[in-house]
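Each chain, letter by letter, is given below.
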Amino acid sequence: MEKTRFHDLDALRAFAMLLGIVLHGLLSFTPIPIWPVQDNDQSEIYMIPLMFIHGFRMSLFFFVSGFFTRMMWQKRGTLGLLENRTKRIILPFLIFGALLFPILNNMGTFLSKEENQSGNLKNIIINPEYQVPNDLGGAARQGNLKVIREWLQKDADINGKYDKEFTPLHWAAVMNRVETIRLLADKGANLNAKDGHQSTPLLVAAFFGQTESVETLLELGANPMLKNKDGALPEQAMMANQAITEWVAKDILEIPFNWMKISEGRKQVRELLATDLSSLDGRNGWFARNYFMFGQFCTHHLWFLYDLIYLTLGFVIFAWALKFLPDLGINKWLAESPLRLLWLIPLTYLAQLYMGNGDDGVFGPSTAVFLQPDWIKLGYYAVFFGYGAICFPFKDFHQKVGRFWPVCFAFATILFFTALVVIEEKDKSWNYELISLCSAIFAWLMIFGLMGLFRKWFSRENSKIRFVSDSSYWLYIAHLPLIQIIQFWVADWAIPGIIKLIFVCIVTCLLLLLSYQYLIRYTVIGTLLNGKRYKNREAT
């Protein structure tokens, strides 16, 4: 293509970046405590925009990245592309990762101390109502030895998964039923059985600070070196903060919760595990505390740069291999055919389907932030990245795709709310397959719709839009510690959450835009992120 500057796609890529700030701004207002800041005005309503944005944002970003990767490759060749991506992706990942990861790893601890010093941290005791099932798992939860023996005489599965996907030994361990643990172990219970989250009885007991359970399980021979689905050992699982621990106790397991008791119990459990965990070779040292979460190196919000490295290398290898194959016009058909969704949707659907299990990654892709590659997630984004790369040379694609963008948005919205309805049908065996299909179609409709919208309104050069586009990379890299601090600042304000959300996002963006203009744009950092900028030339 002759065109050298795609102002609409520049703006679209910036839009995807800035939506990340909105998404992270929403997290403190949702009732799921995966965030170090919890606002006093939370509502499940905020999950709707959060899921909507998550459903297409990074898919859009990787599509545009594939498009520009192909453009760079055709202009500069393989070596030029690799040199550019080293400057724009690898170096920022290494430099800003080294600086930001320790801050983000310790943000929860820092904010908890500030809250404690301000007198806002209180002990919370919760005793949720729960209908105990009439089965072996329920008997183990209650510690009823007589009923347990009766169930075992009826050949109940001692290692089977009962309510909450817990084995009887899990229930005994988490409820601190020491005599029950000994009875189940004596009857052949697997001491290292794993629940639905791949956690052992020892790990869940440690998580809730059940000292007697941990001591008994270790005495009986339970293995303290087994990790759960997050890659966490018992010692690392105990690093969960009060909000997450309360969420697991109250909303997932429906068990009593006493934060003071759990905190004290965890201290004693750490001493019990100290000898068994001595073989970790320093993983609990400074580097682990600052760069590891749940036993794995955590890349936080910069995971997309790490994935881009893999995708760029994959593109280079694939482009080299295609040189040995004849050009049959397949790429042109793939890019320009109005039937493109007939093959894009199945590929995306399969990756989406195998990315989760119905419990996580419900709508949209999973967000794996650890250094160990998630190959299914990478394959999912490779579909978008690869299709963006395929489409670059074909002018007809760029001029026509998304022409009916209002229709795309309308159908995408219908699919999204259909998925929300299906998500509520948790007992249906088919729900995750349908949700995955809705997710796949939704992502492509939003991408094509946004391309049409941005082509209509942002195709011409605009200095203000260009400034925001240039700054968006810096804004996204630097925003996370700042937005968490601002969220903490407003968390207890007695005003509606929506007003606080708008305030948090606006203040975060304004501060970072000012920092970009006066501290970053014309410095070596700005050159690293966006290339060299000249004040006189831009003023002209």
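Reading guide: rules and limits
Residues numbered from 1 in each chain as written. Predicted model: local features only at pLDDT ≥ 70, side-chain atom pairs only at ≥ 80, totals over all residues. Heavy atoms only, no water. Helix = DSSP H or I, 4+ residues; strand = E, 2+ residues; numbered from the N terminus. Rg over C-alpha atoms; globule rule 2.2 N^0.38 Å. Buried < 20%, exposed > 50% of the residue type's maximum accessible area, 1.4 Å probe, protein only. Contact = heavy atoms within 4.5 Å. Areas by Shrake-Rupley, 256 points an atom, 1.4 Å probe, with all protein chains shown as cover. Expected span 1.5 Å × (residues − 1). Bend = angle between axes of the 7 residues up to and from the residue. Core = buried A, V, L, I, M, F, W, Y, C linked by side-chain atoms within 4.5 Å. Phe/Tyr/Trp six-rings, centres within 6.5 Å; stacked < 30°, edge-to-face > 60°. Lys NZ or Arg CZ within 6 Å of the ring centre and 35° of its normal. 1 Å grid on protein atoms, 1.4 Å probe; cavity = no way out; pocket = protein on both sides within 12 Å on 5 of 7 lines; lining within 4 Å. Points joined across faces, edges and corners; volume = space filled by probe spheres on them. Nonpolar A, V, L, I, M, F, W, Y, C, P; charged D, E, K, R; others polar. Axes fitted to C-alpha atoms, helices over the stretch in contact; angles between N-to-C directions. Parallel < 35°, antiparallel > 145°, perpendicular 65-115°, else oblique. Left-handed = near helix turned anticlockwise from the far one by under 90°. Salt bridge = Lys/Arg side-chain N within 4 Å of Asp/Glu carboxyl O. Patch = residues over 30% accessible without salt bridge, like charges linked within 9 Å, V, L, I, M, F, W, Y side chains within 5 Å. pLDDT = per-residue confidence, 0-100.

Engineer: Before we go on, may I ask you to explain the overall build of the protein in this structure?
Structural biologist: Helices and strands together make up the secondary structure of the protein, namely 25 helices and 4 strands. At 26 Å, the protein has a C-alpha radius of gyration in line with the 24 Å of a compact globule built from 540 residues. Considered along the principal axes of its C-alpha atoms, the protein spans approximately 80 × 50 × 45 Å. Split into buried and exposed, the 540 residues of the protein put 51% on the buried side. Of the contacts formed within the protein by residues at least 6 apart in sequence, a portion of 79% connects residues at least 24 apart. Summed over its atoms, the accessible surface of the protein is roughly 26100 Å², and 60% of this surface lies on carbon and sulfur atoms.

Engineer: Sorry if this is basic, but what is going on with helix α22 (residues 463-490) here?
Structural biologist: One turn of the α-helix equals 3.6 residues, which is why residues spaced by three or four share an orientation. The first and last C-alpha atoms of α22 sit only 34 Å apart over 28 residues, clearly below the 40 Å expected at 1.5 Å per residue. Remark: the principal bend of α22, roughly 55 degrees, maps to histidine 479, with a proline, proline 481, within the next four residues.

Engineer: Just to check I follow, could you spell out the nonpolar core for this structure?
Structural biologist: In summary, soluble globular proteins display a tendency toward joint burial of nonpolar side chains. The biggest cluster of nonpolar side chains holds 119 residues, and the ones touching the most others in it are Phe62, Phe304 and Phe397. Among the elements that make up this core, the one with the highest residue count is helix α3 (residues 57-105) (18 residues). In this structure, phenylalanine 397 is in contact with Phe63, Ala335, Glu336, Arg340, Tyr387, Cys391, Phe448 and Met451, ignoring residues within four places of it in sequence. Ranked by size, the runner-up nonpolar core spans 43 residues in total, among them Val174, Ile181, Val204 and Phe207.

Engineer: Just to check I follow, could you spell out the packing of aromatic side chains for this structure?
Structural biologist: Aromatic ring pairs are described here by two measures, namely the spacing of the ring centres and the angle between the planes. The final tally for this structure, using the stated rule, is 53 aromatic pairs. On the numbers, 5.1 Å between centres and 90 degrees between planes, the contact of phenylalanine 6 with phenylalanine 67 is edge-to-face. Within this pair, whereas phenylalanine 6 is found in the segment before α1 (7-27), its partner phenylalanine 67 is found in helix α3, the two being separated by 61 residues in sequence. Over the aromatic face of tryptophan 151 sits the side chain of lysine 154, whose NZ or CZ is 4.9 Å from the ring centroid.

Engineer: Got a minute to help me understand empty space enclosed by the protein in this structure?
Structural biologist: The rolling of a water-molecule-sized probe over the atoms marks out the regions of remaining empty space. Scanning the entire structure with this criterion turns up 2 cavities of 30 Å³ or more. Volume-wise, the largest cavity comes out at about 40 Å³. As for the largest cavity, its lining consists of Thr299, Trp303, Tyr306, Asp307, Ala368, Phe370, Gln372, Pro373, Asp374 and Lys377. It is helix α15 (residues 303-322) that contributes the most residues to the lining of the largest cavity, 3 residues altogether. Among the residues forming the lining of the largest cavity, the class breakdown is 5 nonpolar, 2 polar and 3 charged. In terms of lining residues, the second largest cavity is bounded by Tyr306, Asp307, Tyr310, Pro373, Asp374, Lys377 and Leu378.

Engineer: Please clarify how unusual backbone geometry should be interpreted in this entry.
Structural biologist: Phi is mostly negative for residues that are not glycine, and the peptide bonds are mostly trans. Positive phi values are uncommon outside glycine, yet lysine 164 reaches one of about 65 degrees. For lysine 164, the position within the fold is in the loop between α6 (145-153) and α7 (168-174). Of note in the backbone geometry, glutamate 165 takes a positive phi value of approximately 60 degrees without being a glycine. Mapped onto the secondary structure, glutamate 165 falls in the loop between α6 and α7. Classification of glutamate 165 by relative accessible area gives partly exposed; the value is 39%.

Engineer: What's the story with the packing of α1 against helix α21 (residues 431-458) in this structure? I'm lost.
Structural biologist: Think of two packed helices as two axes; the pair is described by the angle between the axes and how far apart they sit. Look at α1 against α21: their axes get within 8 Å of each other, and the N-to-C directions meet at 125 degrees. In terms of orientation, α1 lies oblique with respect to α21. Between α1 and α21 the crossing geometry is right-handed. Counting all contacts with α1, which are made through His7, Asp8, Leu9, Ala11, Leu12 and Phe15, the residues of α21 involved are Leu450, Met451, Phe454, Arg455 and Phe458. Its residues assigned to classes, the contact of α1 with α21 shows 8 nonpolar, 1 polar and 2 charged.

Engineer: For this particular structure, what's the right way to read the pattern of salt bridges?
Structural biologist: Two side chains that carry opposite charge are able to pair once their charged atoms sit near each other. Applying the stated criterion to the full structure yields 13 salt bridges. Between arginine 13 and aspartate 10 there is a salt bridge whose closest N-O contact spans 3.2 Å. Of the two residues, arginine 13 and aspartate 10 both sit in helix α1, 3 residues apart, roughly one turn of that helix. Across the pair lysine 250 and glutamate 246 runs a salt bridge, and its minimum N-O distance is 3.8 Å. You can see lysine 250 and its partner glutamate 246 sitting in helix α12 (residues 242-253), 4 residues apart, about one turn around the helix. Residue lysine 250 is classed as partly exposed on the basis of its relative accessible area of 33%. Residues joined by salt bridges that share partners form a network here, namely Arg466, Asp470 and Arg521.

Engineer: Mind showing me how you'd approach the environment of alanine 249 here?
Structural biologist: Inspection of the secondary structure assignment puts alanine 249 in helix α12. The spatial distance from the C-alpha of alanine 249 to the C-alpha of phenylalanine 208 is 8.6 Å, given a sequence separation of 41 residues. Leave out the neighbours within four places in its chain, and alanine 249 touches Phe208, Glu254, Ile255 and Phe257.

Engineer: Teacher, can you tell me more about a nonpolar patch on the surface here?
Structural biologist: On the surface, Ile495, Ile498, Ile499, Ile502, Ile506 and Leu510 cluster together into a nonpolar patch covering about 520 Å² of accessible area. Residue placement: isoleucine 499 occurs in helix α23 (residues 497-520). For isoleucine 499, a relative accessible area of 47% corresponds to the partly exposed category.

Engineer: Is there a simple way to explain the confidence of the model for the protein in this structure?
Structural biologist: Fine structural detail should not be taken from predicted coordinates in areas where pLDDT scores are low. In this model, the protein carries a mean pLDDT of 89, and residues with pLDDT of at least 70 account for 91%. Mean pLDDT across the elements of the protein ranges from a minimum in helix α25 (residues 535-539), with 61, to a maximum in α23, with 97. Below pLDDT 50 for its whole length, residues 277-283 participates in 10 contacts with residues either more than four positions away or in separate chains.

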